[in-house]
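Descriptive structure summary
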Amino acid sequence: MRTEVAVIGAGPAGLLLAHLLARAGIDSVVVETRSQEYVASRIRAGILEHAAVELLTSAGLGDRLHAEGHEHRGVYLQWPGERHHLDFLNLTGRSVHVYGQTEVQKDLVAAHQGPVVYEVTDTRLHDVHTDRPHLTFVDRDGVRRRLDATVIAGCDGSFGPSRAAVPESARRVFERTYPYSWLGILADVAPSTDELIYAWHPDGFALHSMRSPSVSRLYLQVPNGTDPAHWSDRQVWDELAKRLGHGQNGWTLTPGPITDKSVLPMRSFVQTPMRHGNLFLAGDAAHIVPPTGAKGLNLAIADVALLARALTAMLRERTTALIDTYSDNALRRVWRCTHFSWWMTTMLHASDDPFDAQLQLSQLRWVTTSTAAATGLAENYAGLPLTFA
Ligand code: FAS
Ligand code: PHB
């Protein structure tokens, strides 16, 4: 098999890249280790920043997003006794959309007509530092295949082989872990709020998000290693009610049947550079952010927008300026979003240190009373222009 771009991973990064390349007349083959159904079923991100909505819309992927997604002007920040709304649209002229990653994935699968080989195993990268890079993998019939390509795009997330295909001597890894995780639930109940509530509480952070007018998505800060099975539905709703301020100023949290419960560890991770020879990393393959800033999926989309444009220039216009600067340009946004995600995480998650608590409350009072501070948060949350670099 031969193609111009071999893409590892059919998550949002891999499928969006293949879709954008196809629109530019560039052939690709995507290989994916899971089944199409499994990939589409993973419950992950829920927020699309302004630039991601613009990019998906311009790529012909906006119909359902605009019909079924919900535009939000901003978010609420809360701590015991106080809740304040930050209006991103007023502050920056940019909004966000609530539209689950599962929906983005469905739109990508429906739109992309190119070859996607699901359920492969033993994917290996070869000769990435030559002009004859290629993949080998075993297909679902147990046959070992070889895929020759001009370039390889590593869109294989945090557990794929692409990262390690960059020799240790040629890469730097930056990592930070956090002393807590998120217990996330999906519930068949109408959201109790019109826009997201990020709540600081001395017993732990809580987030009220949603997926639709009838499905809520909520999270609780829990210790690392928490087993979701040790939390009964009753305990989850009681803790959410306490941390989100149920009964304060007449606000109530309405519980409902929980349809999914999972624990998500928190970490920051960046591997540089995002290029090695003819291997290009994009999305979670290159970086991981704690979800407090709602940046994971949006960063993957931003990487791919840059990479698709750079590969098109290289493969169709025979110019290499964009591909030669892809890693540096992508990493400027990656580090901006990594900082923002770290800042939101450390500002909102309870620790045992009373000094931390005072710093956190001071930051929250600052960003909800100073227009300058609120604008800084809004600019980062609603997202920077795709041209930011
Ligand atoms: P993905 O991980 O989505 O896709 C990579 C694909 O590569 C996968 O389908 C995988 O099966 C495939 N792959 C791996 N190894 C392979 C191999 N050897 N051969 C072939 N294919 C291979 N972000 C938010 O903004 N908000 C959230 O609430 C949020 N929650 C999350 C919860 C969880 C449990 C996880 C893991 C992530 C969450 N994220 C969240 C981040 C998430 O949305 C990612 O940023 C997003 O999926 C990134 O997309 P990709 O880079 O395509 O990586
Ligand atoms: C979600 O809806 O899953 C979500 C929203 C905002 C975040 C994290 C997750 O910061």
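Residues numbered from 1 in each chain as written. Chains lettered and ligands numbered in written order. Predicted model: local features only at pLDDT ≥ 70, side-chain atom pairs only at ≥ 80, totals over all residues. Heavy atoms only, no water.

**A word on the sheet that holds strand β14 (residues 206-212)**
What counts, and what does not: Each pair of strands is called paired provided DSSP finds at least two bridges between the two strands. Here a strand is any run of E in DSSP of at least two residues, a helix any run of H or I of at least four, and the numbering for each starts at the N terminus. Contact criterion: two residues are considered in contact whenever any of their non-hydrogen atoms come within 4.5 Å of each other. For helices, the axis comes from a line fit to the C-alpha atoms of the stretch in contact; other axes are also lines fit to C-alpha atoms, and the angle between any two N-to-C directions lies between 0 and 180 degrees.
Read from one edge to the other, the open sheet built from 8 strands follows the order β6-β5-β13-β14-β15-β12-β16-β19, with strand pairing classed as mixed. Two strands lie at the open edges of the sheet, namely β6 (82-87) and β19 (287-288), each paired on one side alone. Across the sheet, helix α10 (residues 326-348) touches β12 (172-187), β13 (197-199), β16 (258-272) and β19, and the angle it forms with β16 is around 130 degrees.

**Quick look at helix α3 (residues 50-58)**
For clarity, the threshold we go by: Exposure is judged per residue with a 1.4 Å probe applied to protein chains only, and the accessible area is read against the type maximum: over 50% gives exposed, under 20% gives buried, and values in between give partly exposed.
Looking only at α3, the buried set comprises His50, Ala51, Ala52, Val53, Leu55 and Leu56. The positive-phi residue at the C-terminal boundary of α3 is glycine 60, with phi of around 75 degrees.

**Examining the pairing of β14**
When a strand is regular, its side chains alternate between the sheet's two faces. Burial analysis of β14 places 6 of its 7 residues in the buried class, which makes it a mostly covered element. In terms of strand pairing, β13 meets β14 through 3 bridges, oriented antiparallel. Within the sheet, the bridge partner assigned to tyrosine 198 lies in β14 and is leucine 207. Counted along the chain from β13 to the antiparallel partner β14, the turn is 6 residues long, and its residue glycine 204 has a positive phi close to 140 degrees.

**Section: the site of ligand 1**
Stated precisely, the cut-off is as follows: Nearness here has a simple test: a residue counts as near a molecule or strand if at least one of its heavy atoms is within 4 Å of that partner. For this analysis, a polar contact is any N or O atom pair within 3.5 Å, provided that within protein one partner can donate a hydrogen and the other can accept it, and provided that sequence-adjacent residues contribute only side-chain to side-chain pairs. Residue polarity is assigned by list, with Asp, Glu, Lys and Arg as charged and Ala, Val, Leu, Ile, Met, Phe, Trp, Tyr, Cys and Pro as nonpolar; anything else, Gly included, falls into the polar class.
In the vicinity of ligand 1 lie 29 residues, with Glu32, Arg42, Arg44, Gln101 and Asp284 positioned nearest. Taking arginine 44, its side chain carries an N or O atom lying 2.8 Å from an oxygen atom of ligand 1. Taking tyrosine 219, its side chain carries an N or O atom lying 3.4 Å from an oxygen atom of ligand 1. Those elements that provide at least two residues to the shell around ligand 1 are α1 (12-23) and α8 (296-316). Residues of the shell around ligand 1, tallied by class, amount to 13 nonpolar, 9 polar and 7 charged.

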